[in-house]
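Now for the letters of each chain:
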Amino acid sequence: MRMATFKPGHWAILGGVVAVALLPLLVTGRYNTNVLLLAGAWAIAALGLTVVLGYAGQISLAQASFFGIGAYAIGLGTVHYGLNWWLAFVLGLVVAVTGGIILGATTLRLGGHYLAMVTIGFQIIFTLVMTNWSALSGGPDGITRIPRPPFFVPLNTAQRYAWFALAATLLVALAVHALRDSRLGRSMRAVRENEIAAEALGVDTVRVKITAFAISAVLGAAGGSIYASGFLYIAPDTFDFGTSVQFLAMVLVGGRESVAGSVLGAGLLTFLPEWLRELKKIYLVVYGSIIVLVIVFMPEGLWGFVTLLSRSLVRPTPIPPARGALPMGGGRPAGEPVLVIENLGKYFGGLKAVDGVSFTVRQGEVHALIGPNGSGKTTILNVISGLYAPSFGEITFLGRSVGGQRASRIARCGMTRTFQNLRLFRELTVWENVLIGAQRAGGDETAIRERAASAIEFMSLTILAHNRARNLPYGTQKRVEIARALAGVPELLLLDEPAAGLTQSEKQDLVEIVQQLHARGLTMLLVEHDMSLVSQLSHHITVINFGRKIAEGAPERVLAEPAVGEAYLGNREAARA
Ligand code: ADP
Ligand code: MG
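Keep in mind it's a predicted model, so treat the numbers as computed, not measured.

Thresholds, definitions, all that
Residues numbered from 1 in each chain as written. Chains lettered and ligands numbered in written order. Predicted model: local features only at pLDDT ≥ 70, side-chain atom pairs only at ≥ 80, totals over all residues. Heavy atoms only, no water. Patch = residues over 30% accessible without salt bridge, like charges linked within 9 Å, V, L, I, M, F, W, Y side chains within 5 Å. Areas by Shrake-Rupley, 256 points an atom, 1.4 Å probe, with all protein chains shown as cover. Salt bridge = Lys/Arg side-chain N within 4 Å of Asp/Glu carboxyl O. Helix = DSSP H or I, 4+ residues; strand = E, 2+ residues; numbered from the N terminus. Donors = N, O, S within 2.8 Å, 3.2 Å for Na, K, Ca; no water. Buried < 20%, exposed > 50% of the residue type's maximum accessible area, 1.4 Å probe, protein only. Near = heavy atom within 4 Å. Polar contact = N/O pair within 3.5 Å; in protein donor to acceptor, adjacent residues only side chain to side chain. Nonpolar A, V, L, I, M, F, W, Y, C, P; charged D, E, K, R; others polar. Axes fitted to C-alpha atoms, helices over the stretch in contact; angles between N-to-C directions. Parallel < 35°, antiparallel > 145°, perpendicular 65-115°, else oblique. Contact = heavy atoms within 4.5 Å. Domains from an automatic or database assignment. Buried area = accessible area lost by both parts, 1.4 Å probe.

Bringing a nonpolar patch on the surface into the picture now. Side chains of Trp11, Leu14, Val18, Leu22, Leu25 and Leu26 sit close together on the surface and give an oily, nonpolar patch of about 570 Å² of accessible area. Position of Leu25 relative to the elements: it lies in helix 1 (residues 8–26).

Only Thr378 (OG1) and Gln420 (OE1) from the protein reach the magnesium ion (ligand 2) as donors, at distances of 2.0 to 2.1 Å. Taken together, the positions of Thr378 in helix 15 (residues 377–384) and Gln420 in the loop between strand 8 (415–417) and helix 17 (430–438) put the pair 42 residues apart, joining distant regions of the chain. Exposure remark for Thr378: the relative accessible area of 25% places this residue in the partly exposed category.

This part is about the site of ligand 1. Around ligand 1 lies a shell formed by Phe348, Leu351, Ala353, Pro372, Asn373, Gly374, Ser375, Gly376, Lys377, Thr378, Thr379 and Tyr388. Within the backbone of Gly376, an N or O atom sits 3.0 Å from an oxygen atom of ligand 1. At a separation of 2.5 Å, an oxygen atom of ligand 1 approaches a polar side-chain atom of Thr379. For ligand 1, the protein covers 63% of the area, taking 560 Å² as the surface of the free molecule. Counting residues per element, the ones that place at least two in the shell around ligand 1 are strand 4 (351–362) and helix 15. A total of three residues in the shell around ligand 1 trace back to one element, the largest contributor, which is helix 15. Split into classes, the residues belonging to the shell around ligand 1 amount to five nonpolar, six polar and one charged.

Let us now look at the packing of helix 7 (residues 158–180) against helix 10 (residues 205–231). Closest axis-to-axis distance for the helix 7/helix 10 pair is 10 Å, and the angle between their directions is 170°. One finds that helix 7 runs roughly antiparallel with respect to helix 10. On helix 10, the residues touching Tyr161, Phe164, Ala165, Ala168, Val172, Val176 and Leu179 of helix 7 are Ile215, Leu219, Ser225, Ile226, Ser229 and Gly230. When the residues that make up the contact of helix 7 with helix 10 are grouped by side-chain class, the tally is ten nonpolar, three polar and no charged.

Turning our eyes to something else, we now look at the domain arrangement of the protein chain. Entries for the protein chain in the domain assignment read domain 1 (13–239), domain 2 (330–414 + 492–571) and domain 3 (422–489). Placing a centre on the C-alpha atoms of domain 1 and another on those of domain 3 gives a separation of 34 Å. Of all residues in domain 1, Arg183, Arg186 and Leu201 bury the most surface against domain 3, accounting for 48% of the area lost on that side. The tally of links between domain 1 and domain 3 comes to two salt bridges. At the surface where domain 1 touches domain 3, the tally comes to nine residue pairs in polar contact (both at pLDDT 80 or more). Those elements giving two or more residues to the side of domain 1 that touches domain 3 turn out to be helix 8 (183–193) and helix 9 (195–200). With seven residues, helix 8 is the largest single contributor of residues to the side of domain 1 that touches domain 3. Within the side of domain 1 that touches domain 3, the residues separate by chemical class into six nonpolar, two polar and seven charged.

In structure tokens:
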């Protein structure tokens, strides 16, 4: 069957090409063609928001200012300065990228509502400057008689220009769609789902967020440039805060993570006002209500709703089979120091959570870190993995001093971890979670996929690969977290209470997993509360209490020490009192 090799993606491209070819023929009349042009230009800018908001999860209410930058680059560049259209276009993209990077850099310090406020500020400043700085912008009257770009044939009719604009929209849509499942796109979605976990798996979250803003700005400007030459006239009030909100609505109505959704949303919100024009006074009420209803009742947007219906029809492609055993790092002689901690301290204000702890984790061993609740175990793991900067002390990992470095940097040196309170990328599938973990060890997409497939098989998750992480039972989610960490082929694996919350049989599985990993030479630092697990698995134990080390050595000896018993018993009695 010839048709069987024609994948859904190919149908989408074919459909897109047909739509680009036919729409300018079907939508006729100067006015309607202009609306079509507007839909194309807006869709391009909305696809920028798909990247920054849909993929990377960063709110931006400044997209209209990037749209305006692109439009003004064409307007000013060609009309005022007599530049070639394409040169003006590229200059606009450069200015937009610069603005995008500046805006993205604010996410280093701010997130959520604060970020929204900053982007609104950016937007308002843009509108004010373009309205009031007449010498630069032509003032509130805007710029007229903007030329169209030369493109093989003269684009002098609205219809020809519509073909050009829609073809550009299709190209951008395909590129943004391809980005989604690329390395960068997966990193963006990891940042959206759980920034801390992403960072701890080696994703440079700062770079990823700034890149998302830069791409979004470029697409905003590209849309604006196409708009300017479509309407041949621009004025600052087209690029105000209201337009930014409209871009946001397009993406939310269509489905924030889907390219088809954003294009659909842009098309709908461009044509809807035209269709509703008959309603005169109540038009805005109906328009607003439609948006609100879609967002409330279809949280994943119109396209999300469509995919929900089609999910039962389209079977996902199976993940590639695991080729060979789970790859392992290592290659160092057993017993060599992997992680050396000297006089490590972490104070939270007056609270001495960790207060001068030293120990060494050696190649090939399972090193247990135990102590009563609140004694500072998780804090030690957080400092080692770079989520907290140490207050004092030295951390040496594989011969390099890593204390105070960013988590992603330390992860890239070869350390991965799991979390006491699960930190999965909840909306992503098991497969995607593990792929992101596999990216740590580098290599091309094939290598990443192979590592991910072996880690998934090793953790017996193959049949669940296409399930969303959040839909899995707790014990399974914990296995996904381990698979995600293993796929990055770490030199050292940090496990924070992997058995907590597991059933007895799940605990037994965990024991076998850790034993197998040990047999393959993986070095592990294990924080665990279940003493039977600790005594079965560990070769060396460090005991801490109130942030200080109270005992260390071989399991049988350490567990028999009176001080250790007292720390646990004392705590239990304190808890009872
Ligand atoms: P454990 O993992 O051994 O149960 P933790 O390392 O989680 O203990 O906590 C040690 C102490 O540090 C506790 O008193 C806890 O309340 C405190 N602590 C942990 N993280 C923070 C933080 N981010 N800010 C303030 N105090 C913290
Ligand atoms: Mg803890």
